[in-house]
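Listed below are the residues making up each chain.
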Amino acid sequence: MVNFADNTAPDSQAKAGGWWSDVWLGLWTTLVGMRITLKYFFKKPVTVQYPEERMPIPDRYRGIHYLEQEKCIYCFQCARACPVDCITMEAVRHGKELEWISFSVDYNRCMFCELCTYPCPKDCIHEGKEFALVTYDRKELIHDLLTYRGLSDEAKVRLAEAEKEKAAKEAAKAAKAAAAAKPAAAAKPASAPGAGDAAAPPAS
Amino acid sequence: MSASLALSLWLQSARLQQQTGAALGSTTAPDSNWTLDLLEWVRTSWLSTKLAGLAGMDQAPALPTWAAAAIGAGIAVGIVIGFVSVVAMFSIWLERRVAGRIQSRIGPNRVGPFGLLQSLADGVKLLLKEDIIPSGADRKLFVLAPALVMASALAMFAAVPMADGAGFTDINLGVLFIVGISALATIGVIMAGWSSNNKWALYGAMREAAQVVSYEVPLGISLLVPVIVGGTLELGAASRLQSGWGGSCWFLFQNPFVLPAFVLYFIAALAENKRAPFDLPESESELVAGFHTEYSGIRFSFFFLEEYAAMFLMSAVGTALFLGGWNFPGIDLLKGGWLIAAQLAVFVVKSMFLVLLMIWIRWTLPRMRVDQVMVMGYKYLTPLSLICVVGASVWEVWAAVPFHERPIWMQLFTPVLVFGVCAVLGAMLRKQAIESAAQPTTRSRIAPRAHAAAH
């Protein structure tokens, strides 16, 4: 057992070097300490004034998601991978084009595990560097990741082109059919619109 | 309330000055004591003529002395309260900024430029807070304690000469007055601790009492050294004695024993003001907040302001008696109002430098134990201050003539000694810094890989 009383006993002080040595050590250690604090006084503060400046965020930080919507093929892999089922998505397919209705992440549940990003075949869902999630209402924590709803402009163009192509094909087919039907039409002009109707169903 | 207490103390000090001046046949009484001018001005000013006009008299009768004294003292106390508050608030700001920088932080920087108005904002907040008096408290003492503490801080200003002829009253027993009044704050602290009906508050008050009783001794004795050197207890006269050499002939450079006495005075002043490493009366790790545990709002702010005002005042006394008061190289070249302004600035800057030193020490040293504080006071400071007194007396008796009539080697001996000591200590600190930087023994420098390999 340690005898604490010994620390302050006069003879222990005497052993340390005597009275004048104590006086000198008291002064000297204070000066050394003051030198150290002075060194820190002139160092730059490490404080980051948060709203105005921010800490550098590492590249692999797992923050709020962002979605490259053009790439997404609505395959549900991310929603399936999510351990807490926080991803909800809804879209309508028009052939290859997608008409988006919703793609939301519920940050009440999301734990930023990044498991949603790995199975994505198109590498289109990512976790970004944004971390501030403070809201006044929990409802606001359900984030919609869509940058647009419905069809994208490109998809609209492509769809329109496809329509046009289809229409052109149909027109060509109809023309072909009409050309084939011409001799018959000469014989039976009343049946020509009926031939046009017959050509349309296979095209659609 | 504290204002009225300060007022009465101020009046007492004025009376003391008159009495002692008359008794000693004082010839050093300054001819430009502006408090007496103020009194005279109040007596004959437009206020009295206005009052006379209201009363329907053509000729304004001079105000009775007591009324003039009351009005004049009211104005003077108003000035003092304003000055003390501004100085204390600036010191609080300085403390928080310096603490921040020493801890690699920034400190308050939002309210006003560099956060200078932070103390004002805090003061307004404290004013608006609920004023709680515990149900078990001794109400009268509880209310009186912060007022008494504040009054002692304000009253100490009465005898501090900020510039030649601009002090309130240059009492010719100024040192005695200041030592006495500074101990008055302790009574307030003990009252606060006792009346709070709280064990921690009482512990804090008891510690304060023990500490002040112990450290008054070295404080007073080390103050005797400049008194011996100057041969006066009057702070203004002492400051005047320190001019020469272009204004740099401070007591610190007049006698080799003044430097150790100054160090001793500074340490004792730290203990008197309950500053770290002697902040046992309010040590928050043991006593919650010590004697002001139960105080809140404006009463707490009184204690808070008093701490910083007392720091400034102790520094001011140190400045006046050790560091040459308002004297500074080259200040003699100025004239009239500029001289007064420059003297005021020099005095305040010197005092603020000592306050900065107190803050610096606070954020350097850890708090001492109660027994260590007692050991330091009685076994180290008191004998050392006695040695200084004896040494200074021997030196003065040996020199036998006033400072400026001594041989030149004697005049230059102390400055050379002081600068030599500073240079040697600086060189030693530099050497120690280099050595400690070269030593890779601190725990934080263990290589993480080696640490991992050990497991």
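## Some words on the overall build of chain A
Reasoning step 1: The helix and strand inventory of chain A stands at 6 helices and 5 strands.
Reasoning step 2: Secondary structure of chain A in N-to-C order comes out as α-α-α-β-α-β-β-β-β-α-α.
Reasoning step 3: Counting every position in chain A, which comprises 204 residues, the buried fraction comes to 6%.
Reasoning step 4: Across chain A, contacts joining residues at least 24 apart in sequence account for 69% of those joining residues at least 6 apart.

## Looking at the sheet that holds strand 2 (residues 87-94) of chain A
Residue and element names in this part refer to chain A.
Reasoning step 1: The sheet built from 3 strands is open, its strands ordered 2-3-5 with antiparallel pairing. The sheet terminates laterally at strand 2 and strand 5 (142-144), the two strands that pair on one side only. Along the sheet, successive strands turn relative to each other by an average axial angle of 15°, direction set aside.
Reasoning step 2: One ladder, built from 8 bridges, connects strand 2 with strand 3 (residues 97-106); its direction is antiparallel. Its bridge partner lying in strand 3, Val92 is registered against Glu99.

## Side note on the domain arrangement of chain A
Reasoning step 1: Under the domain assignment used here, chain A contains domain 1 (10-41) and domain 2 (65-144).
Reasoning step 2: The straight-line distance from the C-alpha centre of domain 1 of chain A to that of domain 2 of chain A is 63 Å.

## Comments concerning the nonpolar core
Reasoning step 1: Judged by nonpolar contacts, the single largest core of 107 residues is most densely connected at Ala153(B), Met156(B), Val160(B), Val258(B), Ala309(B) and Leu313(B).
Reasoning step 2: Aside from chain neighbours lying at most four places away, what touches Ala309(B) is Val84(B), Val87(B), Ala88(B) and Ala153(B).
Reasoning step 3: Core analysis: the next-biggest nonpolar cluster, separate from the first, contains 11 residues, Leu67(A), Val105(A), Cys110(A) and Ile125(A) among them.

## Section: the packing of helix 3 (residues 19-41) of chain A against helix 15 (residues 408-438) of chain B
Reasoning step 1: Running from amino to carboxyl end, helix 3 of chain A crosses helix 15 of chain B at an angle of 65°, the nearest separation of the two axes being 11 Å. Considering the angle they form, helix 3 of chain A stands roughly perpendicular to helix 15 of chain B. Viewed along their axes, helix 3 of chain A and helix 15 of chain B form a crossing whose handedness is right-handed. In this structure, helix 3 of chain A contributes Leu31(A), Val32(A) and Arg35(A) to the contact, and helix 15 of chain B contributes Leu425(B), Leu429(B), Gln432(B) and Ala433(B).
Reasoning step 2: Classifying every residue of the contact of helix 3 of chain A with helix 15 of chain B gives 5 nonpolar, 1 polar and 1 charged.

The rules behind these values
- Residues numbered from 1 in each chain as written.
- Chains lettered and ligands numbered in written order.
- Predicted model: local features only at pLDDT ≥ 70, side-chain atom pairs only at ≥ 80, totals over all residues.
- Helix = DSSP H or I, 4+ residues; strand = E, 2+ residues; numbered from the N terminus.
- Buried ≥ 20, exposed ≤ 12 C-beta atoms within 10 Å, placed from the backbone.
- Contact = placed C-beta atoms within 7 Å.
- Pairing = 2+ DSSP bridges.
- Axes fitted to C-alpha atoms, helices over the stretch in contact; angles between N-to-C directions.
- Domains from an automatic or database assignment.
- Core = buried A, V, L, I, M, F, W, Y, C linked by C-beta atoms within 7 Å.
- Parallel < 35°, antiparallel > 145°, perpendicular 65-115°, else oblique.
- Left-handed = near helix turned anticlockwise from the far one by under 90°.
- Nonpolar A, V, L, I, M, F, W, Y, C, P; charged D, E, K, R; others polar.

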